[in-house]
Amino acid sequence: MAIINLKEKTIQVKIIYYGPGRSGKTTNLEYIHNRLQKTLNGEIGKLTSIDTKGDRTLFFDFFPINLGKIAGFDLKLQLYTTPGQVKYEVTRRLVLKGADGIVFVADSLSSRQEANRESFDNLIQNLNYHKLDLDGVKLVFQWNKRDLDENMISLTNIKDMEEQLNSELKTKSFPSSAVTGLNVLKTVNFIAKKTVKTVIENTVFQ
Amino acid sequence: MILYEKSVEKIEAVLQTFIDESGATYVLLADMGGNMLFKAGEGNFDGATLAALSAANYAATMEIATLIKEDNFSLLFHRGNNENIHFARITQDILMIVLFKPYLSLGLLRLKIESTQEEVNDLIGSEEWQL
């Protein structure tokens, strides 16, 4: 749930990176953090990661960004990842509370298509738990790990991934590589704009 | 949620009085989604990250309570060498996070938190909030 503070003139928006384990959610955030640290000196908070010894996300990764002004308001974006592993269901649900926008990071590896589907179904269930649905929360898909195509690793083609996850919603999607940065900033830029636009339409200029 | 200017001023004035009377260093009200709502006092750290981590910490602790079939843990605080931190749920969706020095009495601080909680609750009940 976005918070609009009329005294401080700020809009706070929460964006969650969701998806199956090892699909590249944390790598997305690390890439964004590294890139923005160079360009937005002082406007970006520390990247906080709560992970296990094996570098798997235990609770979440998080960092806040000040993205400048929109309609006279300072825009503050809060980026979170959820833990992808199935066993961390409770923490995933907790992080999802109050989400305004979601980036679903789907794994392009052929062997992970069932995991993508399960994670997407799990997202819908957890949104329902918070009395939210995909009509109320903005969503964008990322078909991640496209760089592996060059290494002759078997990937599912984008058309099939669209068919599997996005045939009903027909929302925006990006082929991406969180490792090389392909479309990583474009994705966050898109979801930020879309989410903020909806928040402003639904609240400030209602 | 829209926080109107007058509502923010009134609640932050209550929080500033809490700081003045209790001797606490910093107080922050955050929602359970980890958003920072109101604050008072001096803190040389990122309040947005403190709000996000505190909401997660509180929620995880409540899950532990559920797991061991406990209704609620009435005391949730961490003692440090230079700074202590106390967490209290003051409404269904709002968490009050207080930083205070180890030489302050925890009992006295908790009494002040309780009275501040009532004042904040009254204000939230009466102020105009758009959800």
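Definitions and limits used
- Residues numbered from 1 in each chain as written.
- Chains lettered and ligands numbered in written order.
- Predicted model: local features only at pLDDT ≥ 70, side-chain atom pairs only at ≥ 80, totals over all residues.
- Heavy atoms only, no water.
- Helix = DSSP H or I, 4+ residues; strand = E, 2+ residues; numbered from the N terminus.
- Rg over C-alpha atoms; globule rule 2.2 N^0.38 Å.
- Contact = heavy atoms within 4.5 Å.
- Areas by Shrake-Rupley, 256 points an atom, 1.4 Å probe, with all protein chains shown as cover.
- Lys, Arg positive; Asp, Glu negative; His and termini not counted.
- Charge placed at Lys NZ, Arg CZ, Asp CG, Glu CD.
- Axes fitted to C-alpha atoms, helices over the stretch in contact; angles between N-to-C directions.
- Parallel < 35°, antiparallel > 145°, perpendicular 65-115°, else oblique.
- Left-handed = near helix turned anticlockwise from the far one by under 90°.
- Nonpolar A, V, L, I, M, F, W, Y, C, P; charged D, E, K, R; others polar.
- Buried < 20%, exposed > 50% of the residue type's maximum accessible area, 1.4 Å probe, protein only.
- Pairing = 2+ DSSP bridges.
- Core = buried A, V, L, I, M, F, W, Y, C linked by side-chain atoms within 4.5 Å.

A. Quick look at the overall build of chain B. Along its length, chain B carries three helices and six strands. Counting from the amino terminus, helix and strand elements in chain B follow one another as β-α-β-β-α-β-β-β-α. Relative to the 2.2 N^0.38 estimate, which gives 14 Å for 131 residues, the radius of gyration of chain B is 14 Å and therefore close to what a compact globule would have. Expressed as lengths along the three principal axes of its C-alpha atoms, the size of chain B is roughly 40 × 35 × 25 Å. In chain B, the share of contacts with a sequence separation of at least 24, taken over all contacts with a separation of at least 6, comes to 51%. Of the roughly 6600 Å² of accessible surface on chain B, a fraction of 51% belongs to carbon and sulfur atoms. Across chain B, the mean location of the 9 positive side-chain charges is 5 Å away from that of the 19 negative side-chain charges.

B. Seen up close, the packing of helix H2 (residues 89-96) of chain A against helix H3 (residues 113-129) of chain A. Residues and elements named next belong to chain A. Following both chains from N to C, one finds H2 and H3 inclined at 60 degrees, their axes separated by 10 Å at the closest point. Taken together, the axes of H2 and H3 lie oblique to each other. In terms of crossing hand, the pair formed by H2 and H3 is right-handed. Residues Glu89, Arg92, Arg93 and Leu96 of H2 form the contact with H3, whose own contacting residues are Asn122, Leu123, Asn126, Leu127 and Tyr129. Looking at the contact of H2 with H3 residue by residue, the classes come out as four nonpolar, two polar and three charged.

C. The arrangement of the pairing of strand S2 (residues 10-18) of chain A in detail. Residue and element names in this part refer to chain A. The buried count for S2 comes to nine of nine residues, which makes it a mostly enclosed element. Of the two faces of S2, the one holding Thr10, Gln12, Lys14, Ile16 and Tyr18 and the one holding Ile11, Val13, Ile15 and Tyr17 are both buried throughout. Sheet analysis places strand S1 (residues 3-5) next to S2, joined by three bridges and oriented antiparallel. The partner of Ile3 across the bridge, within S2, is Gln12. Hairpin remark: S1 followed by S2, antiparallel, with four residues in the connecting loop; positive phi at Lys9, about 55 degrees. Of the strand pairs in this sheet, S2 and strand S5 (residues 73-81) are connected by eight bridges, and their pairing is parallel. Residue Thr10 lies in a different strand from S5, and its bridge partner there is Asp74.

D. Examining the nonpolar core more closely. By size, the foremost hydrophobic cluster in this structure holds 30 residues, and its most contacted members are Ile11(A), Val13(A), Ile15(A), Tyr17(A), Ile32(A) and Leu79(A). Of all the secondary structure elements, the ones that give two or more residues to this core are S2, helix H1 (25-39), strand S4 (57-70), S5, strand S6 (101-107) and helix H5 (184-202) of chain A. Examining the composition of this core, we find that seven residues originate from one element, H5(A), more than from any other. Other than its neighbours up to four places away in sequence, Ile11(A) contacts Ile3(A), Ile4(A), Ile70(A), Phe73(A), Asp74(A), Leu75(A), Lys76(A), Val199(A) and Ile200(A). Membership of the second largest hydrophobic core comes to 29 residues, among which are Ile3(A), Leu15(B), Ala40(B) and Phe100(B).

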